[in-house]
Structure formats: C-alpha cells, structure tokens
Amino acid sequence: MAIKVVSTGRAIPPKRVTNEDLAAVMDTSDEWIRSHTGIGARHIAAEGVAASDLGFEAAEDALRYALDQGLVAEKNLEELAATIDLIVLGSSTQDYYSHPATACIIQHKLGAVNAAAFDVTVACSSFIYALETAAALLAADTRRKRAVVIGAEVLSAITNWEDRGSCVLFGDGAGAVLLEKRDGAGGLVRSILGSDGSGWEHLILRRGGSRNPWKKGEVVEQVPCIEMNGHAVYNFAVTVITKTIERFLDEEHLALEDLALIIPHQANGRIIQAAEKRLNIPAEKFYTNMEEYANTSSASIPIALDECNRSGKIKRGDLVLTVGFGGGLSYGGNLIRW
Ligand code: ACO
C-alpha cells in the first residue's frame, strides 16, 4: 500500500509587489533584498482575501488538474470532492483565531461533504507536518482513501510593514496536493519531523493567545504581527536543513544522485546556499522560486511541488525530498516517490 501524490494545485494572488515597489515606500533597496535573501517580488492578497480563499482555490485547482489529466475515475468536481476523506490545512494565518478550523471552511466551499477537516499549525513547517499527518490517517483506516493537503497563507495580514528587517521577506499564496491510498510501492516513503522549543521566542506572534489575551478597553497601538530574531532563525535553519537532508540520505541508504530534486522551504536563498556548501550539493539539485513569491510559509513547498509537477521537472517515479523549518522552532522533511 502506498500513499501517492496524485495531483497538485496552487493559488497565487494577482497583485505583485516588487522590491522596487517596497523601496519606494520604505528604507530598503532591490540590491539589499536580493543580495540578502534572493527575493525579487512577492504576491499580496487583496483586502478581504483570507487563507481559506487561497486554500480553497489551490485545492480546487488540484482536483481540476486530476480530472483534466484523467488521474482519477470521477467525471466532475462534485463527484471527486465527495470522495475525499480528509482535508488537512497547514497554515499559520488561519481565517479565525482558534476556531473554526480554516480547513472546515475549505471543506464546505469544496463540497467535500464526506471529509473530516482540521488545521495543523507549526508555522512554516506546517505543510510538512500536515502531509505526514494526512498520510498516517489514511494508512490507519482501510476505509479512508483520499486526502487533500493544503498549505495556505495570508502572511501580509500579520506582517509588520514598519519592520524592514522582516516585511520584505514574506508573501501570500497557497498550494495543495491530492493524496490517494493505492496498492503498490512508492508515494510518501517517510517523513522526518522535529522541534527545538528552546527557540520558541525567535519567531512569534505575541498577542491574542492565552498568554497575552486582549483586555477590555485596551488601546491597540500595533496590530499583532510576526516578530523575528533573524540571526537565530538563520542559524537554526542552516543547521536543521543540513541535518535533515543528511539523515534522509543516511537512514534511507540513499546517494544524492538518487534524489531527482530537493524542494526546500523558500525562506531565503542564502540559507539554501549555505546548505549546498556544507553538503557539497550542486545548486541545480534545489528548486527555488522565492525570487518570484518570497517566503509564503507553509504554502512555499506545495506551490513549488505544483510548479515542478506541471512543468515536468519532477516525473512519475522520481524521488523528491522536501525540507523546511519554521517557528517553534520546528523542522522536517518528506521523502516522496512521485
Ligand atoms: N533593507 C535594507 N537594509 C536592511 C533591511 C532591508 N530590508 N533589513 C535590515 N537591514 C539592515 C539592518 O538594519 C542592518 O543595518 P546596520 O548594519 O546598519 O545595523 C543591516 O541591514 C544588516 O542587518 P542584519 O539583520 O544583520 O542582516 P542579515 O544579513 O542577517 O539578514 C535576514 C537579515 C535576511 C532577515 C537574515 O537574518 C535571515 O534570512 N534570517 C532568517 C529569516 C527567516 O528565514 N525567516 C523566516 C523563517 S520562518 C518563516 O518562514 C515564517
């Protein structure tokens, strides 16, 4: 039995904001952003667009692609949506604080009337965790056959646009995969998941939770937004990305040549370059698209998977490795036989 990725989809907001656009309104430059991050632009959701809107669009795109390509037996979206057993959303910018789960809103919009839906929130590592969670739940019950796993973010809603050290890094978007349990080998081979809670304060949205609840009558001077210790996150990211790749190669008895592509979380080109250097991996082995989308947190890996799938950069039978990190601090990776 294998948990296969059958189809992929994505949703990118049309509004594109370049580094030059940001330099026109704050003290930064295209040169600084490119040289420090590899980012050239980001896409920003329109006012009123939430994670469920982008997540729904990406999920529907994945289902339509499966129908158009004849990857499933169902004849239309309604029929296909009704066969889905699980919708798992990875996100750190859910529509509503605490509840309802944003995945439930997507389930309703999609017409996935037979699906259980819930959110997994591990900051930028959310999609990696969500994929493993969905696969494990499909494997756990013979009646469950299909899951839609989504990474969706509207980071612009929690970005501090007055902090040039962080606001230039982020973008909005969503990606999704359709998983199906099938006979045979391949599919999701294995995931590595990990945390280092000692760094919990390095990436944080402080207000609104039970630690710092809103108080009646309080005057809000700043909307809650991401606070980041860039240096600490950078050092953690290089270490865990390197170690996670090494662990996969070592524990799964793989050579680098066995991997068709490594799809890292698209946070910063310099983090990927440092991992390339430490592991002596050629740059072509890593897929990057942060030049166009910046860091879309839990959406970055499924967006990249969809681009690679549709462009033929990854083909059936290829071994693909995702690897990422995020707040928590957290990290992980998924090894997938496509
Ligand atoms: N434009 C121009 N100058 C800037 C900008 C900017 N946008 N941002 C910072 N600077 C300045 C600083 O003020 C500082 O100036 P100073 O020397 O006069 O004090 C100088 O540039 C250097 O700043 P550093 O913070 O030391 O820059 P660094 O080279 O460390 O790069 C960065 C900062 C890009 C944030 C880096 O630390 C990094 O990538 N960290 C990891 C961040 C990350 O991956 N976050 C997301 C992970 S989790 C998630 O995905 C949600």
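Residues numbered from 1 in each chain as written. Predicted model: local features only at pLDDT ≥ 70, side-chain atom pairs only at ≥ 80, totals over all residues. Heavy atoms only, no water.

1. With respect to the pairing of strand β11 (residues 261-264)
Move 1: Of the two faces of β11, the one lined by L261 and I263 and the one lined by I262 and P264 are each fully buried.
Move 2: As defined by bridge partners, β11 adjoins strand β12 (residues 319-326) across four bridges and the pair is classed as parallel. Bridge pairing in β12 places I263 opposite T322. (Buried < 20%, exposed > 50% of the residue type's maximum accessible area, 1.4 Å probe, protein only. Helix = DSSP H or I, 4+ residues; strand = E, 2+ residues; numbered from the N terminus. Pairing = 2+ DSSP bridges.)

2. Observations concerning the site of the ligand
Move 1: If you check the shell around the ligand, you find 23 residues, and the closest are T28, C124, R164, N268 and N295.
Move 2: G230 places a polar main-chain atom, nitrogen or oxygen, 2.9 Å from a nitrogen atom of the ligand.
Move 3: Within the contact set of the ligand, an oxygen atom lies 2.5 Å away from a side-chain nitrogen or oxygen of N295.
Move 4: Secondary structure elements with two or more residues in the shell around the ligand: α2 (30-37), α7 (164-167), α8 (230-251) and α9 (269-279). (Near = heavy atom within 4 Å. Polar contact = N/O pair within 3.5 Å; in protein donor to acceptor, adjacent residues only side chain to side chain.)

3. Looking at the pattern of salt bridges
Move 1: This structure, assessed with the given rule, holds 18 salt bridges.
Move 2: For R310, the salt bridge identified is with D61, shortest N-O distance 3.0 Å. Highlighted residues: R310 in helix α11 (residues 300-311) and D61 in helix α3 (residues 51-68), separated in sequence by 249 residues.
Move 3: Classification of R310 as partly exposed rests on a relative accessible area of 32%. (Salt bridge = Lys/Arg side-chain N within 4 Å of Asp/Glu carboxyl O.)

The analysis is restricted to geometry; functional conclusions fall outside its scope.
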